[in-house]
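# Understanding the architecture of this molecule
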2 protein chains.
Amino acid sequence: MTDDELSSRPLPTADDVAAIAGVSRWTVTRAFKNNASISEKTRAKVMAAAEELGYAPDLLASSLASERSNLVAVLVDDFNNPHKLVMLERLTTAMRSAGLDTLLVNTLGSEDAQHALRNATQRRVDAAVLIGVNFDDSILHAALGARRVKKLILFARASDHPETISICVDDVAAMREITDYVIDKGYRRPLFLAGPDTRSAHVFRKETFVAHWQSRFDVTPEVLSVGSYDPRRAFETIERNLTSRRAYPDVIVCENDALAIGAMDALRHALGLRVPDDIAVTGFDDVPLAANRVYDLTTYRQPMTAMAEALVEVVLNRSDGSGLCQFGGRLVPRHSA
Amino acid sequence: MTDDELSSRPLPTADDVAAIAGVSRWTVTRAFKNNASISEKTRAKVMAAAEELGYAPDLLASSLASERSNLVAVLVDDFNNPHKLVMLERLTTAMRSAGLDTLLVNTLGSEDAQHALRNATQRRVDAAVLIGVNFDDSILHAALGARRVKKLILFARASDHPETISICVDDVAAMREITDYVIDKGYRRPLFLAGPDTRSAHVFRKETFVAHWQSRFDVTPEVLSVGSYDPRRAFETIERNLTSRRAYPDVIVCENDALAIGAMDALRHALGLRVPDDIAVTGFDDVPLAANRVYDLTTYRQPMTAMAEALVEVVLNRSDGSGLCQFGGRLVPRHSA
DNA sequence: TAAACTCTTGCACGCGCGAGCAAGCTTGAC
DNA sequence: GTCAAGCTTGCTCGCGCGTGCAAGAGTTTA
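All values derive from a computational prediction rather than experimental measurement.

A word on the UniProt feature "domain: HTH lacI-type" (unreviewed entry) in chain A. Mapped onto this numbering, the UniProt entry gives "domain: HTH lacI-type" (unreviewed entry) at residues 12-66 of chain A. Measuring from the first to the last C-alpha atom of residues 12-66 of chain A gives 21 Å, for a span that is 65% helix and 0% strand.

Moving on: the protein's contact with DNA strand C. Among the 26 residues in the neighbourhood of DNA strand C, the closest are listed as Ala14, Thr29 and Tyr55 of chain A together with Thr27 and Arg30 of chain B. Per the 4 Å cut-off to the protein, sugar and phosphate atoms form 53% of the nearby atoms of DNA strand C. A distance of 2.6 Å separates a phosphate oxygen of DNA strand C from a polar backbone atom of Ala14 of chain A. Ser62 of chain A places a polar side-chain atom, nitrogen or oxygen, 3.4 Å from a phosphate oxygen of DNA strand C. Of all elements in the fold, only α3 (25-31) and α5 (59-65) of chain A together with α3 (25-31) and α5 (59-65) of chain B reach the threshold of two or more residues within the surface near DNA strand C. Examining the composition of the surface near DNA strand C, we find that 4 residues originate from one element, α3 of chain A, more than from any other. Taken together, the residues of the surface near DNA strand C sort by class into 11 nonpolar, 9 polar and 6 charged.

The next point concerns the domain arrangement of chain A. Here chain A is described as being made up of domain 1 (3-57), domain 2 (69-169 + 304-328) and domain 3 (171-302). One C-alpha centre belongs to domain 2 of chain A, the other to domain 3 of chain A; they are set 27 Å apart.

All names here are of chain A. Here the structure, examined in full by the defined rule, presents 2 disulfides over all chains. Across the disulfide, Cys168 is cross-linked to Cys325 (sulfur-sulfur distance 2.2 Å). Classification of the bridge connecting Cys168 and Cys325 rests on its S-S torsion, roughly 95°, and on that basis the disulfide is right-handed. Taken together, the positions of Cys168 in the loop between β6 (165-167) and α9 (171-184) and Cys325 in the loop between α13 (304-315) and β13 (330-332) put the pair 157 residues apart, joining distant regions of the chain.

Attention shifts here to the protein's contact with DNA strand D. Surveying the vicinity of DNA strand D reveals 26 residues, the closest of which are Thr27 and Arg30 of chain A together with Ala14, Thr29 and Tyr55 of chain B. Of all atoms in DNA strand D that approach within 4 Å of the protein, 50% are sugar or phosphate atoms. Residue Thr42 of chain A places a side-chain N or O atom 3.0 Å away from a phosphate oxygen belonging to DNA strand D. One of the backbone N or O atoms of Asp58 of chain B is found 3.3 Å from a phosphate oxygen in DNA strand D. Sorting the residues of the surface near DNA strand D by element identifies α3 and α5 of chain A together with α3 and α5 of chain B as the ones contributing at least two each. In terms of residue count, the dominant contributor to the surface near DNA strand D is α3 of chain B (4 residues). Looking at side-chain class alone, the surface near DNA strand D contains 11 nonpolar, 9 polar and 6 charged residues.

With that settled, consider helix α11 (residues 231-243) of chain B. All names here are of chain B. Given a rise of 1.5 Å per residue, 13 residues ought to cover 18 Å, and the 18 Å separating the end C-alpha atoms of α11 matches this to within 8%. Along α11, the residues classified as buried are Ala234, Phe235, Thr237, Ile238 and Leu242. Against the buried residues of α11 lie β7 (190-194), β9 (222-225), β10 (251-254) and α12 (257-270). For α11, the N-terminal capping position is held by Asp230, with its side-chain oxygen 2.9 Å away from the main-chain nitrogen of Arg232.

The next point concerns unusual backbone geometry. With an omega of 5°, the peptide bond running from Val275 of chain A to Pro276 of chain A counts as cis. Within the fold, Pro276 of chain A resides in the loop between α12 (257-270) and β11 (280-282). In this model, Asn317 of chain B sits at a positive phi of 65°, which is unusual for a non-glycine residue. Structurally, Asn317 of chain B is set in the loop between α13 (304-315) and β13 (330-332). Among the residues examined, Asn317 of chain B registers a relative accessible area of 55% and is labelled exposed.

Here we come to the interface of chain B and chain A. Accessible area lost upon the coming together of the parts is a frequently used measure of interface size. Tallying the contact residues gives 55 residues for chain B and 55 residues for chain A. Summing the contributions of chain B and of chain A, the shared interface buries around 5400 Å²; its carbon and sulfur component is 55%. Inspection of the region where chain B meets chain A yields 4 salt bridges. For the pair chain B and chain A, the number of links is 30 residue pairs in polar contact (both at pLDDT 80 or more). Contributing elements (two or more residues each) for the side of chain B that touches chain A: α1 (3-8), α5, α6 (83-97), β2 (101-106), α7 (113-121) and α12 of chain B. Considering each element in turn, the side of chain B that touches chain A owes the most residues, 7 residues, to α6 of chain B. Taken together, the residues of the side of chain B that touches chain A break down into 24 nonpolar, 17 polar and 14 charged. The pairing of strand β2 (residues 101-106) of chain A with β2 of chain B spans 3 bridges and is antiparallel. From the neighbouring strand, Thr102 of chain A faces β2 of chain B, where its bridge partner is Leu104 of chain B.

Residues and elements named next belong to chain B. Among the 5 residues that make up β7, 5 are buried, leaving the element largely enclosed by the rest of the structure. Every second residue of β7 is oriented toward a common face, with Pro190, Phe192 and Ala194 on one face and Leu191 and Leu193 on the other, all of them buried. Bridge count between β7 and β9: 4 bridges; the pairing is parallel. The partner of Ala194 across the bridge, within β9, is Ser225.

This part takes up the sheet that holds strand β11 (residues 280-282) of chain B. Residue and element names in this part refer to chain B. Strand order in the open sheet formed by 4 strands is β9-β7-β10-β11, with parallel pairing between adjacent strands. Two strands in the sheet have a free side with no partner beyond their single neighbour: β9 and β11. Strand-to-strand twist across the sheet, computed as the mean angle between neighbouring axes with direction ignored, equals 20°. The pairing of β10 with β11 spans 3 bridges and is classified as parallel. Bridge assignment links Val251 to a residue of β11, and that residue is Ala280. Set on the sheet, helix α9 (residues 171-184) makes contact with β7, β10 and β11; between it and β10 the angle comes to about 170°.

Parameters and conventions
- Residues numbered from 1 in each chain as written.
- Chains lettered and ligands numbered in written order.
- Predicted model: local features only at pLDDT ≥ 70, side-chain atom pairs only at ≥ 80, totals over all residues.
- Heavy atoms only, no water.
- UniProt positions renumbered as here; feature names shortened; annotations may be inferred.
- Helix = DSSP H or I, 4+ residues; strand = E, 2+ residues; numbered from the N terminus.
- Near = heavy atom within 4 Å.
- Polar contact = N/O pair within 3.5 Å; in protein donor to acceptor, adjacent residues only side chain to side chain.
- Nonpolar A, V, L, I, M, F, W, Y, C, P; charged D, E, K, R; others polar.
- Domains from an automatic or database assignment.
- Disulfide = S-S within 2.5 Å.
- Expected span 1.5 Å × (residues − 1).
- Buried < 20%, exposed > 50% of the residue type's maximum accessible area, 1.4 Å probe, protein only.
- Contact = heavy atoms within 4.5 Å.
- Buried area = accessible area lost by both parts, 1.4 Å probe.
- Salt bridge = Lys/Arg side-chain N within 4 Å of Asp/Glu carboxyl O.
- Pairing = 2+ DSSP bridges.
- Axes fitted to C-alpha atoms, helices over the stretch in contact; angles between N-to-C directions.

What follows is the structure in structure tokens.
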């Protein structure tokens, strides 16, 4: 058959396949479904006919007729952090091998999350995954209150909201490990560099660091807030804050790698200091750039693949989503601290 | 009404809204459609009822009933290049404001593109956008031959395939501009660092550079191939290739920023050279990191926003997709060359 | 005031498939 | 050979909305 014939022909449906295979339409449906009650012989017959026609089930019609769409919305509000790309890669990989498709939703600024969420639910997504940073209580409430989204999952972020499912590392354990590492290395004048000040959906790294350091030395470590995870703003914050000082900290513990990289750049290029000789730096996430010899950043790697797989389990209802904030990661010691 | 009431109730349909507004279901549909034949008065009435119920049209059912899904698949095969994040951000922004949703498809390695494409078409996407690098002829043929995808768009990449739509900068003009810039700066011993060797869907930067340099000096510049856009591999390639040399090039012209950054790292940290004093470097793309003071990379910025908007026009059939590979970008001179 | 026109509204039918039940078939024990 | 039990297959009805046409309402012109 020629291209022209193909182009003018509508896509084959289950009826077409059924006609060729000599079975009913519903048998065709069963052939494409796991655990369906169908004999191997007829399934083979159906598959052969499907192959011949180039048939593939219409997921749209399937979603409409059933309660499952196998579509998951992933909402992202921060495209500046390269770590998001790593997350997207892991998530899409895990989801695709489980037959789940990804609807990527850009929340276009913090005020837009509600629209984004509504938009996603109009496509009947089975779940919405938030991998952004600026999602606060009002958004969670709106999303859950209206019941427009079946499942709300926070990825790599904790939440105390009871109807939300969080999948993340045990931030407390992780940050304690970093703190102890820094202390073991002999640093005693720390500065904690924090990101945005979100409320319910956030990380507990700052609080943990402060508390743990206090418990070890009975002094409250200094905290500096950048307001976002933008490396450029971290650069400016460090530059502005440190230039007028008489005494520098000896280590800057950062809430994530984006901040750490901005901080290192500021230390070296704005203040003319050496890392780690003058001031050490630690991060969190282990972004690709952290392994770069320029930065060689001591950081903490989250078990992203395992977390993505856990997310799939939750979406498929094979997990109730409890106890998913206890993932253990791995401290990656490098040269920066 | 309580949360419980809401949770047990199915989502409102157009029928529910119609009942409250005292109109027919089709009038409700019209109220949500632009350019529909409906009076302002009834539209207001419908909207009030919809607001009351929290109704939003079901895009799934809408897609099934019509020939448009307002869904666009974006296929990505390379999550290592941070530039992809910029593209995704621009694309999703432009598409969402045009009412198009994004299906993010990870092609999971080069052999998987066909499955990915089929997967996308099962959701009736209006178009498939390829922003990867490893899409070659066989994939384009399979996709177009089976007619399973209505529109195949290559973003930021040229193609000579007649049934494919390319949206990209004029690589020839861009690369000539870079070449002339490098020449004007006085560099005379160039090395071109190329990425993967894809066939039909690729950039013409290498060819243009070679041809243009030849036309200026009548000598063929040296070309080194990395095989991918991975900065680490660029690092290794440069390190391995330059260490055993007696004479260095005075400028390395890279096919994109990822390569340029890997090359700069190798020059500085593996070979102990200074950039640009010993060897200058240029890139292409203007990734966020290029503006970092550590790299301060001379590069070329593609008009990503305009390109994303052009893509939307193509998807919405407001453009036939011709002449979309003539976008003009901007050379961004920085310190690296 | 009637005719002609435009704008607005309602409706039959279909998009492709799934849940759940009922009928047909096979198998094995008696 | 008979009947119950299990397995396999077919089918009715519906998911929520769009297309295209026809009827109704409103407006203008002669």
